[in-house]
Amino acid sequence: MNVPLLRRHYFNRATVREDLSAGLVLGIQSIPDGLASGLLALVNPVYGLYSYMTGVITGALFTSSVLMSVQATSAMALIVASVPEVTRATDPNVALFTLTVLAGLIMLVAGLLKLGRLVRFVPNSVMVGFVNAVALLIILGQLDTFTGYSSSGPNRVVRTLDLLRNLDQVHVPTLAAGMLTIILILTLERTRLKALGMVVALFFVSLIVPLVGAEQIALARDVADIPGSLPLPVLPSLALVPALLIPALSLAFVGLVQGASISGSVPNPDGSTPDASGDFVGQGAAGIVAGLLQGMPVGASMSATSLVIGAGARSRLANIFAGVVIALSIVLFGRLVGLMAMPALAGLLIIIGFRTLKLGQVVTVWKTGLVQQTVMLITFIAGLLVPLQYAVLMGVGLAVLLYVFQQSNRVRVVAWRLEAGQYPVEGEPPAEVPGRQVTILVPYGSLFFAAAPVFNAQLPAVTEGSRHAAVILVLRGETDLGSTFMEVLARYAQALRQQGSRLILAGVDPAVLTQLERTGHLRTIGRNNVFLVDERVGQSLQDAVDAAEQWIAAQPETLATME
């Protein structure tokens, strides 16, 4: 349910304390997460913070989901990292901000056009392959920062192999800082600190680095300038739009799929189900604002949404306050952020990568069959070896092809036998149309163009023995027949006519009748052979059967042409 903006309740007086507490937890935890997202995207880490700040506030104001957290996600950060125009730019990174606004506009338009329902056409095998490729890329992409060794190679897989061949060049203090971060995070999360244990671990490791004299360990300020102020507006560059359109489409697709998973699985506090298209609008608005305020592309985050709900959030105020906490942290402690140890952030991202792996889903998909296995593997391998912006679109194309393939092979034609006072008896259609008999055929499945050859192959053959026969095709429930399918019907009707027989269509929707009239196929089939759908189920078929039996009874035993 998508409640209009002016009628939404942004806070509940009875739950203000719980919402502020949940917002504080999310805001504090988002500081290292935001920096890590910037690091993962190969841009200034502060842009990650800016996107978290603007994303959670704007998303809370505009999404249909009351508790959805909109932030820069790992998958979107990896796509950004594969865009040369962004990673090679200088500060201010106008290419990054333009990409963010463009992706936001695409998501906003998708929401306004009510395209939320289209996400369901993306098969699970594509998403499982993509998500696990992203998880592995997160892990592999942090090994250089985690070990202090600068590997070389065209992609993360090759660079990882280069690292394994040069383990003797690993910087031990850097590796120790990263390992200590992982150990502390996993330990402190089991204490009363829970999610805040991550923050404590990062700041603790960053604090002891200068105390133990490990000056060679890289800090955030060594990578980029970390300002201690809120961002000023920056306008996008229209000249960069053509080069950034494909990655923007990829980012929008990933963000929308992630958002749809939250819309369908996380109900609002009042029990209503969020509207996926309304959430598209909210994510799009958040992306536009983030780009104008020097942020990265943003989308719905399942981990952040789960965190804020687990912390006690009950209204939109929780995410709004989380953004305020991030903003205050940037202003008050922005300079201290520059002292954060890079291997500590790498350790955090490695943990995120392992937690993103969905091995259970891989096993489930693997058990479903060869087609699903192949789709998952192709998507996974493409995600590892091809720039992620193109791998995403390959996954979309693969999803479309898979859908067409599956639908075209799901068409099945069965024969019905009607007996007075009995339910229809279903069976296989005859190999040939029997003469002087009524044959009732019912197609199951989608009757679109790719399915037409499969449907045609299952029709009983018309032979010289098919004289004075009537074939009734039940089309109840079909509201749109493509030209390819209508061509099949016209050819079949003509073949029957040549043997003195007729094709009758029962349960025809008025829209289908209009299509037959406009295309001229109705002249071939005959208007008297079309029985429109009736609100009484089965009435149209019974009328067609009665007409067919009367016509057959009226035909002479000798050869005659059909009237």
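Cut-offs used in this document
Residues numbered from 1 in each chain as written. Predicted model: local features only at pLDDT ≥ 70, side-chain atom pairs only at ≥ 80, totals over all residues. Heavy atoms only, no water. Patch = residues over 30% accessible without salt bridge, like charges linked within 9 Å, V, L, I, M, F, W, Y side chains within 5 Å. Areas by Shrake-Rupley, 256 points an atom, 1.4 Å probe, with all protein chains shown as cover. Salt bridge = Lys/Arg side-chain N within 4 Å of Asp/Glu carboxyl O. Helix = DSSP H or I, 4+ residues; strand = E, 2+ residues; numbered from the N terminus. Buried < 20%, exposed > 50% of the residue type's maximum accessible area, 1.4 Å probe, protein only. Pairing = 2+ DSSP bridges. Axes fitted to C-alpha atoms, helices over the stretch in contact; angles between N-to-C directions. Contact = heavy atoms within 4.5 Å. 1 Å grid on protein atoms, 1.4 Å probe; cavity = no way out; pocket = protein on both sides within 12 Å on 5 of 7 lines; lining within 4 Å. Points joined across faces, edges and corners; volume = space filled by probe spheres on them. Nonpolar A, V, L, I, M, F, W, Y, C, P; charged D, E, K, R; others polar. Polar contact = N/O pair within 3.5 Å; in protein donor to acceptor, adjacent residues only side chain to side chain. Parallel < 35°, antiparallel > 145°, perpendicular 65-115°, else oblique. Left-handed = near helix turned anticlockwise from the far one by under 90°.

Now for a nonpolar patch on the surface. A cluster of nonpolar side chains, Leu230, Val324, Leu328, Val331, Leu332, Phe333, Leu336 and Leu339, forms an exposed patch at the surface whose accessible area comes to about 710 Å². Turning to its location among the elements, valine 331 is positioned in helix 15 (residues 317-337). Judged by relative accessible area, which is 43%, valine 331 ranks as partly exposed.

The next thing to look at is the sheet that holds strand 7 (residues 502-508). A sheet is described by the order of its strands in space; here six strands give the open sequence 4-3-5-6-7-8, paired in mixed fashion. Of all the strands in the sheet, just strand 4 (425-427) and strand 8 (530-532) have a single pairing partner and so form its edges. If you compare each strand with its neighbour and ignore which way they point, the axes differ by 25° on average. By the bridge criterion, three bridges tie strand 3 (residues 412-417) to strand 4 in an arrangement that is antiparallel. Along strand 4, the bridge assignment pairs tryptophan 416 with glutamate 426. The strands touched by helix 21 (residues 483-498) are strand 6 (470-474) and strand 7; relative to strand 7, the strand with the most contacts, the crossing angle is about 140°.

Now for the pairing of strand 6. Of all five residues making up strand 6, five are buried, and the element is well covered by its neighbours. Residue alternation in strand 6 divides its side chains into two sets, Ala470, Ile472 and Val474 and Val471 and Leu473, and both sets are buried. Bridge count for strand 5 (residues 438-444) against strand 6 is four bridges, and the pairing is parallel. From the neighbouring strand, threonine 439 faces strand 6, where its bridge partner is valine 471.

Further remarks concern the pattern of salt bridges. Taken as a whole and judged by the stated rule, the model has five salt bridges. Measuring nitrogen to oxygen at the nearest pair gives 2.5 Å for the salt bridge that ties arginine 355 to glutamate 189. Pair noted here: arginine 355 is in helix 16 (residues 342-356) and glutamate 189 is in the loop between helix 9 (172-188) and helix 10 (196-211), with a separation of 166 residues, a long-range link. Owing to a relative accessible area of 45%, arginine 355 belongs among the partly exposed residues under this scheme. With a shortest N-O distance of 3.4 Å, glutamate 428 and arginine 412 are connected by a salt bridge.

A few words now on the pairing of strand 3. Pairing analysis gives five bridges linking strand 3 to strand 5, with the strands arranged antiparallel. Its bridge partner being in strand 5, valine 414 is matched across the sheet by valine 442.

Looking at the largest pocket, its volume works out to about 1,200 Å³. Forming the boundary of the largest pocket are 42 residues, of which Ser301, Met302, Ser303, Thr356 and Lys358 lie nearest the centre. Where the lining of the largest pocket is concerned, the elements lending two or more residues are helix 1 (16-40), helix 3 (74-81), helix 6 (124-141), helix 12 (241-265), helix 14 (302-310) and helix 16. For the lining of the largest pocket, a count of residues per class yields 24 nonpolar, 13 polar and five charged.

With respect to the helices and strands, threonine 54 occurs in helix 2 (residues 45-62). Taking relative accessible area as the criterion, threonine 54 reaches 4% and is therefore assigned buried. From its side chain, threonine 54 meets the backbone oxygen of tyrosine 50 in a polar contact 2.9 Å long. One polar contact links the side chain of threonine 54 to the main-chain carbonyl oxygen of serine 51, over a distance of 3.4 Å.

Its identity as a non-glycine residue notwithstanding, leucine 42 has a phi of 65°, on the positive side. Among the structural elements, leucine 42 can be located in the loop between helix 1 and helix 2. For histidine 468, which is not glycine, the phi dihedral falls at a positive 50°. Assignment of secondary structure puts histidine 468 in the loop between helix 20 (452-458) and strand 6. Judged by relative accessible area, histidine 468 falls into the buried class, the value being 3%.

Bringing the packing of helix 6 against helix 16 into the picture now. Closest axis-to-axis distance for the helix 6/helix 16 pair is 8 Å, and the angle between their directions is 160°. Comparing the axis directions of helix 6 and helix 16 gives the class roughly antiparallel. Note on packing geometry: the crossing formed by helix 6 with helix 16 is left-handed. Facing Val131, Ala135, Ile138 and Ile139 of helix 6, the residues of helix 16 in contact are Leu349, Ile350, Gly353, Phe354 and Thr356. Within the contact of helix 6 with helix 16, the residues separate by chemical class into seven nonpolar, two polar and no charged.

It is worth spelling out the side chain of asparagine 93 at this point. Relative to the helices and strands, asparagine 93 is located in the loop between helix 4 (84-87) and helix 5 (94-112). Its relative accessible area of 3% is what places asparagine 93 among the buried residues. Within the local environment of asparagine 93, its side chain forms a polar contact with the backbone oxygen of valine 86, the two atoms lying 3.0 Å apart. At 3.0 Å, the side chain of asparagine 93 forms a polar contact with the backbone nitrogen of leucine 96. Filtering out sequence-adjacent residues up to four positions away, asparagine 93 remains in contact with Val43, Tyr47 and Val86.

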